[in-house]
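This is what each chain is made of:
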Amino acid sequence: MDLRASYGFHFDPFTREIRVEHHFPLPQYAEAKDGLLGAAQRRMSAGLIAPAGTGKTNLLRSVAEALPEARYRTSYVKVTGLSKRDMCREIAQVMGVQPAGAFNALVRRIQDKVLDAADTDGLRPVLILDEAQDLRPEVLGMLAPLTNFDMDSRLVLSVILAGQPPLAAMLRRAELEGIARRIAHYATLRPLSRDETAAYVAHRCTVAGATTNPFDQGACDAIYEIGRGNLRATDRLALKALELAAAKDASAVDHVHVVDARRLLWP
Ligand SMILES: Nc1ncnc2c1ncn2[C@@H]1O[C@H](COP(=O)(O)OP(=O)(O)OP(=O)(O)O)[C@@H](O)[C@H]1O
Ligand SMILES: [Mg+2]
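Reading guide: rules and limits
Residues numbered from 1 in each chain as written. Chains lettered and ligands numbered in written order. Predicted model: local features only at pLDDT ≥ 70, side-chain atom pairs only at ≥ 80, totals over all residues. Heavy atoms only, no water. Helix = DSSP H or I, 4+ residues; strand = E, 2+ residues; numbered from the N terminus. Buried < 20%, exposed > 50% of the residue type's maximum accessible area, 1.4 Å probe, protein only. Contact = heavy atoms within 4.5 Å. Near = heavy atom within 4 Å. Polar contact = N/O pair within 3.5 Å; in protein donor to acceptor, adjacent residues only side chain to side chain. Areas by Shrake-Rupley, 256 points an atom, 1.4 Å probe, with all protein chains shown as cover. Core = buried A, V, L, I, M, F, W, Y, C linked by side-chain atoms within 4.5 Å. Domains from an automatic or database assignment. Phe/Tyr/Trp six-rings, centres within 6.5 Å; stacked < 30°, edge-to-face > 60°.

Enquirer: Just checking my understanding: could you explain the side chain of D260 for this structure?
Expert: Of note, D260 is situated in helix 13 (residues 255-265). In this structure D260 comes out as buried when scored by relative accessible area, which is 18%. When sequence neighbours within four positions are dropped, the list of residues in contact with D260 reads L244 and K248.

Enquirer: I tried to follow the site of ligand 1 on my own but got confused; where do I start?
Expert: F24, K56, N58, R204 and R232 are the nearest of the 21 residues found near ligand 1. Between an oxygen atom of ligand 1 and a main-chain N or O atom of G53, the distance comes to 2.9 Å. Within the contact set of ligand 1, an oxygen atom lies 2.8 Å away from a side-chain nitrogen or oxygen of N58. In isolation ligand 1 offers 620 Å² of accessible surface; the protein chains occlude 94% of this area. Elements with a contribution of two residues or more to the shell around ligand 1: helix 3 (56-66), helix 10 (194-207) and helix 12 (231-247).

Enquirer: What's the story with the side chain of T54 in this structure? I'm lost.
Expert: As for its position among the elements, T54 is in the loop between strand 1 (45-49) and helix 3. Overall, the relative accessible area of 2% leaves T54 in the buried class. At 2.6 Å, the side chain of T54 forms a polar contact with the backbone oxygen of P51. Here T54 is in contact with Y29, L189, R190, P191 and L231, once residues within four sequence places are set aside.

Enquirer: What's the story with the nonpolar core in this structure? I'm lost.
Expert: Soluble globular proteins tend to bury their nonpolar side chains together. F9, Y29, L36, L48, F215 and L242 are the most contacted members of the largest nonpolar core, which has 50 residues in total. The element that contributes the greatest number of residues to this core is helix 12, accounting for eight residues. Taken domain by domain, this core gets at least three of its residues from each of domain 1 (3-12 + 192-265) and domain 2 (27-187). Apart from the residues within four sequence positions on either side, F9 is in contact with L3, R4, C205, A208, G209, A210, P214 and L242. Core analysis: the next-biggest nonpolar cluster, separate from the first, contains 35 residues, I49, C88, V107 and L161 among them.

Enquirer: Could you clarify how one ought to interpret helix 4 (residues 84-94) in this entry?
Expert: One full turn of an α-helix is made of 3.6 residues, so residues set three or four places apart face in the same direction. The set of residues buried in helix 4 consists of M87, C88, I91, A92 and V94. Taken together, the buried residues of helix 4 touch strand 2 (72-78), helix 5 (103-115), strand 3 (124-130), helix 6 (137-140) and helix 7 (143-146). Immediately beyond the C-terminal end of helix 4, within one or two residues, lies G96, with a positive phi of roughly 75°.

Enquirer: Could you clarify how one ought to interpret the packing of aromatic side chains in this entry?
Expert: Each pair of aromatic rings is reported with the distance of its centres and the angle of its planes. This model, assessed by the stated rule, comprises two aromatic pairs. Arranged with centres 5.9 Å apart and planes meeting at 90°, the rings of F14 and F215 form a pair that is edge-to-face. Highlighted residues: F14 in the loop between helix 1 (3-7) and helix 2 (27-41) and F215 in the loop between helix 10 and helix 11 (217-227), separated in sequence by 201 residues. You'll find F14 and F215 in the same group, each marked buried. With a centroid separation of 5.6 Å and 75° between ring planes, the pair formed by F24 and Y200 is classed as edge-to-face. In this pair, F24 sits in the loop between helix 1 and helix 2 while Y200 sits in helix 10, placing the two residues 176 residues apart along the sequence. Here the two residues F24 and Y200 agree in accessibility, since each one is buried.

Printed below as a string of structure tokens:
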């Protein structure tokens, strides 16, 4: 389907990956980003807990980009399926410890590094763990013995734990108390309102190069009624509706295209 020809896009709209400079400029993203960055800058750890499809992964990407490489060693990890050993390697990596060798030896090297204040290359480690609601508690618990999460004096590693609301429940478990206590700041994101959804759809069209917004007001309302301001649902509905409209040579996307799109996406 040639959306580019039909509606004047220069790039595909509503893609999953979106350049940081093309992010939708809503205050909640700036606020969440400032909170997470501020924590990392103060050598603290932070949490980002928000529902699925509200923009966590994209926000984390913008946080990682904002930490200068000259001062921070930042590592972004999607933690689904991560084992204790993998977690250990990720921590080693971000702390500048060679992440090889037997598990026990690696644990010891990380602990030595934590204890030896002089052994530093000046880069501050920041470990971003995305989809942390999928971490097994015992894997998340590895953070405590491997870093000085239990000591108050020096913080060697900033962790940004991001995930869906079940992460909050996990952090209330008794065995993770030491880690929960370390989280100095929680950020969150919410789904978009009706007006924000319409503005978001228009923004995504603009950054994809369209000079006029192909979605009429009825289409935007229908997208909001169905997608409830969830960015992922909004993207999928908008793209499918656009394809349907293009297939019919329609000059604009209306609510009928959106309703048809829903039927095709979620039969
Ligand atoms: N700031 C933003 N500006 C524009 N589009 C965005 C922004 N943040 C996210 N998106 C779009 O919204 C969709 C969902 O974003 P993202 O994957 O970051 O959400 P998520 O909260 O990580 O979802 P999940 O919980 O499923 O991992 C993506 O397809 C992305 O293109
Ligand atoms: Mg995500």
